[in-house]
Amino acid sequence: MTEALARLASGRLVAFPTETVYGLGADALRPEAVERVFAAKGRPATNPLIVHVADAQMARTVVSHWPPEAERLAARFWPGPLTLVLPRAPHVPDAVTAGGDLVAVRCPDHPLTLELLRRYGRPLVGPSANRSGGVSPTTAEHVREEFPPDEVLVLDGGPCRGGIESTVLLVGPPAVVLRPGLIGAAELGASVSGVSSPASPGQMDRHYAPATRTVRIAPEDWPLPGRVALLAREPLSPAPALLLEMPSDPAGYAEQLYARLREADAAGMDLIAVVVPTDEGELWDALRDRLRRATTPVKG
Ligand code: TXA
Ligand code: MG
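Attention here is on the structure that accompanies the text. These figures come from a predicted structure and were not determined experimentally.

**Quick word on the environment of P210**
Among the secondary structure elements, P210 is positioned in the loop between β10 (191–192) and β11 (214–217). Sequence-wise, P210 and R262 are 52 residues apart; in three dimensions their C-alpha atoms are separated by 6.8 Å. If near-sequence neighbours (up to four positions away) are discounted, P210 is found in contact with V135, L261, D265, I272 and A294.

**So, the packing of helix α9 (residues 250–266) against helix α10 (residues 282–294)**
The interhelical angle for the contact between α9 and α10, taken along N-to-C directions, is 15°, at an axis separation of 10 Å. Considered as vectors, α9 and α10 are oriented roughly parallel to each other. Every pair of crossing elements has a handedness; the one defined by α9 and α10 is left-handed. Residues P250, A251, Y253, A254, L257, Y258 and L261 of α9 lie in contact with α10, whose contacting residues are L283, W284, L287, R290, L291 and A294. By residue class, the composition of the contact of α9 with α10 is 12 nonpolar, no polar and one charged.

**Regarding the pattern of salt bridges**
All told, the structure shown has 21 salt bridges when counted by the stated rule. Across the pair R106 and E19 runs a salt bridge whose closest N-O atoms are separated by 2.8 Å. Of this pair, R106 sits in strand β5 (residues 102–106) while E19 sits in the loop between β1 (13–16) and β2 (23–27), placing them 87 residues apart in sequence. Here R106 and E19 have matching classes, each one buried. The salt bridge involving R292 is made with D289; its shortest N-O contact spans 3.7 Å.

**Here we look at the sheet that holds strand β12 (residues 228–232)**
With respect to topology, five strands assemble into an open sheet ordered β13-β12-β14-β11-β15, the strand pairing being parallel. Each having just a single partner strand, β13 (242–245) and β15 (296–297) make up the two edges of the open sheet. Judged from the four bridges that link them, β12 and strand β14 (residues 271–275) form a sheet pairing that is parallel. Considered in β14, the bridge of V228 is made with L271. On the sheet, α9 packs against β12, β13 and β14 and is oriented at approximately 160° with respect to β14.

**Notes on the environment of A45**
By the secondary structure assignment, A45 is in the loop between α2 (31–41) and β3 (50–52). Discounting chain neighbours no more than four positions away, the residues touching A45 are F38 and A98.

**Focus on the site of ligand 1**
The immediate surroundings of ligand 1 are formed by 26 residues, with T20, R43, H52, S166 and R179 found nearest. R43 has a polar side-chain atom sitting 2.8 Å from an oxygen atom of ligand 1. Alone, ligand 1 offers 680 Å² of accessible surface; in the complex the protein occludes 98% of this. For the shell around ligand 1, the secondary-structure elements that each account for two or more residues are β3, β5 and β9 (176–179).

**With respect to the side chain of R293**
Along the polypeptide, R293 turns up in helix α10. Judged by its relative accessible area of 1%, R293 is buried. Of note is the side chain of R293, whose polar atom sits 3.1 Å from the side chain of D289.

Cut-off values and rules
Residues numbered from 1 in each chain as written. Chains lettered and ligands numbered in written order. Predicted model: local features only at pLDDT ≥ 70, side-chain atom pairs only at ≥ 80, totals over all residues. Heavy atoms only, no water. Helix = DSSP H or I, 4+ residues; strand = E, 2+ residues; numbered from the N terminus. Contact = heavy atoms within 4.5 Å. Axes fitted to C-alpha atoms, helices over the stretch in contact; angles between N-to-C directions. Parallel < 35°, antiparallel > 145°, perpendicular 65-115°, else oblique. Left-handed = near helix turned anticlockwise from the far one by under 90°. Nonpolar A, V, L, I, M, F, W, Y, C, P; charged D, E, K, R; others polar. Salt bridge = Lys/Arg side-chain N within 4 Å of Asp/Glu carboxyl O. Buried < 20%, exposed > 50% of the residue type's maximum accessible area, 1.4 Å probe, protein only. Pairing = 2+ DSSP bridges. Near = heavy atom within 4 Å. Polar contact = N/O pair within 3.5 Å; in protein donor to acceptor, adjacent residues only side chain to side chain. Areas by Shrake-Rupley, 256 points an atom, 1.4 Å probe, with all protein chains shown as cover.

Shown next as structure tokens:
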């Protein structure tokens, strides 16, 4: 913790655990620290960063307007996997918002990171701690595989419980979900934006993807040729070279998804195939959003 605080104070990077995925932290109000995050990730400057705060009081320091709706949502869901998009305060560096007038803020639900934020006393940017376009990390080990220790100090808070990134909500009015996540739009009283909405910068279509070619399939597309790692909730026959059995409930599926994709990617297969669940429900919708970004259709 002491080393982490010292690194942040000198404008360097510290990866922190959250309830969703690990974040790549830097002082959100120092442009040169924010610049290091973009450089380390290889992230395009058009993709804005989420500002992480210890509480609603710290959130108010990075926005120009904190409406009653933000207060209500923060009181109900923070600390937790909800990111609020609000008008930015002028002192927030341009790089954080990709030059836009809105800033995304969230208070993560992890004791180690809440302690870090409280003791540091200033907001931290925190994109997922992976190279741009790759699979988000859900363990400290995943982060260590991506960055050398002198570049990124990793605070190990164990595996992430949530497993997929926070819901991003444009507070509005009208309230619009820009990125689906662990908290559903219905629970937020919001509508869901189309993925190509201009109000949703950084929603690049290919994202969260392994290096190995990854396709989404229906059970009837099986078998596929070559050495295939198959992510499925039930075994298919003939057996694939590597079967990664997924939990049948959406929360369990979310918790495991990125670790299994990384495992499949590391196994040196010709192809990763994911049987896409067809169940109804908002968390399944969020999971299908991530699977769509990680994969290409098997046909066409
Ligand atoms: O769960 C999470 O949100 C994780 C953990 C570490 O907190 N963080 C995360 O950050 O997923 P990142 O950088 O991988 O995703 C940030 C996304 C952007 O791609 C964009 O969709 C949205 O948040 N975003 C950030 N700032 C925005 C803004 N000013 N306006 C609209 N959307 C914004
Ligand atoms: Mg990310």
